[in-house]
Amino acid sequence: MNTLLGRRSRTLAATTATAAIALVLVVGCTSSDSGGSGSKTAAGGVELVKAGRLTTCTHLPYPPFQSEIDGKVQGFDVSLIDLVAKNLGVKQTILDTPFENFKTGAFLNADECDLAAAGMTITAERKKNVDFSDPYFDATQAVLVDKKSGLTSLADVKTKGRKLGAQAQTTGEDYAKSKGFDPVSFESSDAVLNGLRTGQVQAVIIDYPVVQGWLKTKATADAFKVVDNLNTGEQYGFTVKKGNTKLLAAINKAIKDAKADGTYKKLYEKWIGPYDASATASPSAS
């Protein structure tokens, strides 16, 4: 979907699983809580870190992929992994972890999580530490500016000497640096928007789906506008510990089936926006 989004391919620094404080959240899922009398083996012989649970590492908030809404963690990623959990006959549990763990696979290797779902870009570097699913989303970056700034493009930000913001350790931040910017780093997507709102920066570069979500709010749409959509060729994938072939196969099957039966389209339209089948990520694209 080269017409849409791109994003938070985090370039994360290594950190250990024990160094992080994690928050476990159970998400709304229609799957049954089985797992065979406390067995950690789910349907299809998939081994789980906790009986009856498919434990997912993420980093909150990152709407529309995952964020807490009405007391539950919801979003596009969450809904797709719920399909995996349902097929396995278990429920999904969300573990909120620091961004840094997604590059190294620290929580996966420590058996804290079965998989990671965090709008994560597939990169060769990350493939050294984790195994990626088939791509499930094509991503682009958007440049959002304050309407009062007079900025008309990313190049204009540099020409006029305005401050550019980005989420720390993401591909958006990397892209900005590759273009000669020294962006102001923010810890989360919410902090990025707040930086723009409070005038700490006059423009930000971040995943387009996130920007789409922001602009659904009238106050944000009245104050800010998109002036550039950058096709960086990124695709998102879910990750598992290296060698976890059975779980990886279950994830890929759920993605494939959802696209075939129309479920993917419904979830896309619910969480992202208008659906363009010709622009949807496919295994061949990876």
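Read on for a plain summary of the structure.

The rules we used
Residue positions are given per chain, counting from 1 as you read along its sequence in written order. The predicted nature of this model means local features are confined to residues of pLDDT at least 70 and side-chain atom pairs, given and counted, to a pLDDT of 80 or more, with totals for whole chains, interfaces and linings taken over all residues. In computing side-chain values, all of the structure's heavy atoms are included and hydrogens and water are not. Sulfur atoms of two cysteines make up a disulfide when they are within 2.5 Å. Secondary structure elements are defined from DSSP: runs of H or I of at least 4 residues count as helices, runs of E of at least 2 residues count as strands, and each element is numbered from the N terminus. Summary of the burial criterion: residues with accessible area below 20% of their type's maximum are buried, those above 50% are exposed, and those between are partly exposed, where the area comes from a 1.4 Å probe applied to protein chains only. Here, a strand pair is defined by DSSP locating no fewer than two bridges between the strands. For helices, the fitted axis covers only the stretch in contact; all axes are lines through C-alpha atoms, and the angles between them, taken along N-to-C directions, range from 0 to 180 degrees. Two residues form a contact once any of their heavy atoms are found within 4.5 Å. In what follows, roughly perpendicular refers to angles from 65 to 115 degrees, roughly parallel to angles under 35, roughly antiparallel to angles over 145, and oblique to any angle outside these ranges. For any helix crossing, the convention is left-handed if the near helix is rotated counterclockwise from the far helix by under a right angle, and right-handed if that rotation is clockwise. We call Asp, Glu, Lys and Arg charged. Ala, Val, Leu, Ile, Met, Phe, Trp, Tyr, Cys and Pro are nonpolar, and the rest, Gly among them, are polar. In this scheme, a helix's expected span is set at 1.5 Å multiplied by one less than its residue total.

### Overview of the state of the cysteines
For step 1, the next point in the chain: Here the structure, examined in full by the defined rule, presents one disulfide.
For step 2, the next point in the chain: Two residues, Cys57 and Cys113, share a disulfide whose sulfurs are 2.0 Å apart. Here Cys57 and Cys113 share a disulfide; its torsion about the S-S bond, 70°, makes the bridge right-handed. Note that Cys57 is positioned in strand S2 (residues 53-58) and Cys113 in the loop between helix H3 (106-109) and strand S6 (115-116), a separation of 56 residues in sequence.
For step 3, the next point in the chain: Overall, Cys57 belongs to the buried group, its relative accessible area being 3%.
For step 4, the next point in the chain: For Cys113, a relative accessible area of 3% corresponds to the buried category.

### Topic: the sheet that holds strand S10 (residues 184-186)
For step 1, the next point in the chain: Reading across from one edge, S10-S9-S11-S8-S12 is the order of the five strands in this open sheet, with mixed pairing throughout. Two strands lie at the open edges of the sheet, namely S10 and strand S12 (224-236), each paired on one side alone. Pairs of neighbouring strands in the sheet enclose a mean axial angle of 25°, with direction left out of account.
For step 2, the next point in the chain: Strands in contact with helix H7 (residues 189-197) are strand S8 (137-146), strand S9 (164-167), S10, strand S11 (203-207) and S12; relative to S11, the strand with the most contacts, it is inclined by about 160°.

### So, the packing of helix H1 (residues 76-88) against helix H11 (residues 263-271)
For step 1, the next point in the chain: Packing of H1 against H11 leaves a shortest axis separation of 9 Å and a crossing angle of 155°. Taken together, the axis directions place H1 and H11 in an arrangement best described as roughly antiparallel. Taken as a pair, H1 and H11 cross one another with a handedness that is right-handed. Here Phe76, Ser79, Leu80 and Leu83 of H1 lie close against H11, whose contacting residues are Thr263, Tyr264, Leu267, Tyr268 and Trp271.
For step 2, the next point in the chain: Residue composition of the contact of H1 with H11, grouped by class: seven nonpolar, two polar and no charged.

### Thoughts on the side chain of Asp77
For step 1, the next point in the chain: Mapped onto the fold, Asp77 is located in helix H1.
For step 2, the next point in the chain: For Asp77, a relative accessible area of 1% gives the class buried.
For step 3, the next point in the chain: Those residues in contact with Asp77, other than ones at most four positions away along the chain, are Phe65, Gln66, Ala117, Ala118, Gly119, Tyr136 and Phe238.

### What to know about H1
For step 1, the next point in the chain: Under the 1.5 Å per step criterion, the end-to-end length of H1 is 19 Å for 13 residues, consistent within 8% with the ideal 18 Å.
For step 2, the next point in the chain: Counting buried positions along H1 gives 10 out of 13 residues, so the element sits mostly inside the fold.
For step 3, the next point in the chain: For H1, the complete set of buried residues consists of Phe76, Asp77, Val78, Ser79, Leu80, Ile81, Asp82, Val84, Ala85 and Leu88.
For step 4, the next point in the chain: Two residues or fewer past H1, Gly89 is found with a positive phi of approximately 75°.

### Here we look at the packing of H1 against helix H10 (residues 245-261)
For step 1, the next point in the chain: Two elements in contact, H1 and H10, have axes whose closest approach is 9 Å; the angle formed by their N-to-C orientations is 115°. Considered as vectors, H1 and H10 are oriented roughly perpendicular to each other. The handedness of the crossing between H1 and H10 comes out as right-handed. Residue-level contacts link Leu83, Val84, Asn87 and Leu88 of H1 to Leu247, Ala250, Ile251, Ala254 and Ala258 of H10.

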